[in-house]
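Remarks on the overall topology
Residues per chain are reported as follows:
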Amino acid sequence: MIREGEFRDIKRANAELFDIDANLDRLVKRIELLNYVNPLNIEKEKHRFFTSKYSEDPTFKYPKLKFDPYKLHRLFFSQRLERIADEQIRKLYQDIIYYYANMIQCIETIGADKKFYYNSLRIYGTPTEKDVHNAKFILHYEDEPITGDMEKVFSPEEAKAYFEDFVKQYDFPLNIRFSTNIAAAAMVSNSTRTLLIKKNTRFSKNQLLTLAHHEIGVHLVTTYNGILQPLKIFSNGFPKNVETQEGLAVFGEYMGGALRLKRLKELAYRVLASDSLIKGYAFSDTFDLIHNQYKLNREDAFTITLRAHRGGGFTKDRLYLSGLRKIYKRYLHEEPMDTLLTGKVTLEYEDIIKKLRYLGLAQNITHKNHSYAQNLNTNKTLDFILNNLK
């Protein structure tokens, strides 16, 4: 931990960097993509799609923008990065500005089909042949028998109580809100430090454990660690941090003994749904692929298809499986995870994070992920699969 007197000296010596970082903090807080890309009328359109026997593609509505995209772009690019003396740190902040400028374009074009899709590709990329191969490799395994802990019997209110009990092992508050306008069963809003629970759904015991390790054990841990860092970018997010953050989160499920083959298959379906966008599939075509060809039940197939097609084509979900593969390989090499829990950071920037720590511009984590301390997975099939992902 940096002593207060030392930190004042560090801040004085890096005044220009802290000014730019604070400016970006004010701008970034206005553009959390997931606040805009989740449709407002999911249940209505799901009912219409099912009633049409999967033939009429949903027409989704999205929240209105709360900012002027052009003005926000101009403010991002008005930052005088040449004032940052260190070349590596200056390059990091240049990458940050380009990343968030792309994010603005993404949000601005939500619902504009191909425009949004191409902007999404610039941020999240496309599934590689290796990703698709890994997904199909996972899906060729027989489904495991359904056990009692997989039955969806818990209400959103019971889920709330479960998460409130789970978070007691962590030294940070848990804010919970119910929502009808999220695609996932639960998700963390980084900007409001809130765990959102989908109101009109039910949960299994295994799903609650999975979500607890994923959302609280990683996403909220990195949220609160990021807040405690001297530079705000740790809280707001490094460029292309999704793959690392989701990889860490699913790895937390694995270490906590929550990961099942069903969940791993869900991540594989997401890769195929993202790949279907590249092939030009419409919503109903992707749904047909997942539901009729791969025989996933229609509720889960709709959710996976929705997640891929929202906004006009959203490839973020392809990164969960590749992120897990990278983090699992790191685990096999016995490399520590703490640096990656410093905030919303990216594996590819690990060296610059270590440099920032050396310079006193970053500090060691306050909140650890408890599941990483001991491997509770007992499923040998999962180990075999993860060891053989390409």
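Let us look at the structure shown here. (Residues numbered from 1 in each chain as written. Predicted model: local features only at pLDDT ≥ 70, side-chain atom pairs only at ≥ 80, totals over all residues. Heavy atoms only, no water.)

Let's talk about helix α16 (residues 319-332)
Selection criterion: Put simply, DSSP H or I for four residues or longer makes a helix, DSSP E for two residues or longer makes a strand, and each gets a number counted from the N terminus. A helix is expected to span 1.5 Å for every residue after the first. Note on classification: 1.4 Å probe, protein chains only; a residue is buried when its accessible area is under 20% of the maximum for its type, exposed when over 50%, partly exposed between these limits.
Its 14 residues give α16 an end-to-end C-alpha distance of 20 Å, which sits within 8% of 20 Å, the value for a rise of 1.5 Å per residue. With 10 of 14 residues buried, α16 is to be regarded as a mostly interior element. Regarding α16, the residues found buried are Leu-319, Tyr-320, Leu-321, Ser-322, Gly-323, Leu-324, Arg-325, Ile-327, Tyr-328 and Arg-330.

Some thoughts on the layout of surface pockets
What counts here: Only protein atoms enter the calculation, which uses a 1 Å grid: trapped sets of points that fit a 1.4 Å probe without letting it out are cavities, open sets showing protein on both sides within 12 Å along at least five of seven lines are pockets, and any residue with an atom within 4 Å of a point is a lining residue. Grid points are joined across faces, edges and corners, and a volume is the space filled by probe spheres set on the points. Throughout, the ten residues Ala, Val, Leu, Ile, Met, Phe, Trp, Tyr, Cys and Pro are labelled nonpolar, Asp, Glu, Lys and Arg are labelled charged, and all others, Gly among them, are labelled polar.
Put simply, the second largest pocket is a space of about 400 Å³. If you go around the second largest pocket, you meet 18 residues; those closest to its centre are Asp-113, Phe-283, His-309, Gly-312 and Gly-313. Looking at the lining of the second largest pocket residue by residue, the classes come out as eight nonpolar, seven polar and three charged.

Looking at the pairing of strand β3 (residues 194-198)
Regular strands show a simple pattern: their side chains alternate between the two faces of the sheet. Threshold: Following DSSP output, two strands are said to pair if at least two bridges run between them.
Among the five residues that make up β3, five are buried, leaving the element largely enclosed by the rest of the structure. Side-chain alternation along β3 places Thr-194, Leu-196 and Lys-198 on one buried face and Leu-195 and Ile-197 on a second face that is also buried. Relative to β3, strand β1 (residues 175-179) runs parallel, the two sharing five bridges. Each residue of the ladder has a partner; that of Asn-175, found in β3, is Thr-194. Of the strand pairs in this sheet, strand β2 (residues 186-189) and β3 are connected by four bridges, and their pairing is antiparallel.

Some details on the side chain of Asp-95
Short version of the rule: Here a polar contact means two N or O atoms within 3.5 Å. Within protein one must be a hydrogen donor candidate and the other an acceptor candidate, and residues neighboring in sequence count only if both atoms are side-chain atoms. Two residues form a contact once any of their heavy atoms are found within 4.5 Å.
Along the chain, the position of Asp-95 falls in helix α6 (residues 87-108). Of the residues examined, Asp-95 reaches a relative accessible area of 18% and is grouped as buried. Engagement of the side chain of Asp-95 in a polar contact is seen with the side chain of Lys-91, the distance being 2.9 Å. Apart from the residues lying within four places of it in its own chain, the contact partners of Asp-95 are Pro-239 and Tyr-349.

Description of the side chain of His-73
If you trace the backbone, His-73 turns up in helix α5 (residues 69-77). Engagement of the side chain of His-73 in a polar contact is seen with the backbone oxygen of Ala-101, the distance being 3.4 Å. Not counting residues within four places of it along the chain, the set of residues in contact with His-73 comprises Ala-101, Ile-104 and Gln-105.

Observations concerning the nonpolar core
For soluble globular proteins, the rule of thumb is that nonpolar side chains tend to be buried together. For the record, the criterion: Residues grouped as a nonpolar core are buried Ala, Val, Leu, Ile, Met, Phe, Trp, Tyr and Cys residues, joined through side-chain atoms within 4.5 Å.
Counting 100 residues, the largest nonpolar core has Phe-76, Tyr-93 and Leu-264 as the members making the most contacts within it. Sorting elements by how many residues they give to this core places α6 first, with 11 residues.

What to know about helix α7 (residues 114-124)
The set of residues buried in α7 consists of Phe-116, Tyr-117, Asn-119, Ser-120, Leu-121, Ile-123 and Tyr-124. The inward-facing, buried residues of α7 abut α3 (34-37), α6, α12 (242-255), α13 (261-278) and α16. Backbone geometry just after α7 places Gly-125 at a positive phi near 70°.

Comments concerning empty space enclosed by the protein
Under the criterion given, the structure shown has one cavity of 30 Å³ or more. In this structure, the largest cavity encloses a volume near 40 Å³. In terms of lining residues, the largest cavity is bounded by Glu-243, Thr-244, Gly-323, Lys-326, Ile-327, Leu-347 and Glu-348. Of all the secondary-structure elements, those providing two or more residues to the lining of the largest cavity are α12 and α16. When residues in the lining of the largest cavity are grouped by element, the largest group, three residues, is from α16.

As far as function goes, none of this settles anything; it's purely spatial.
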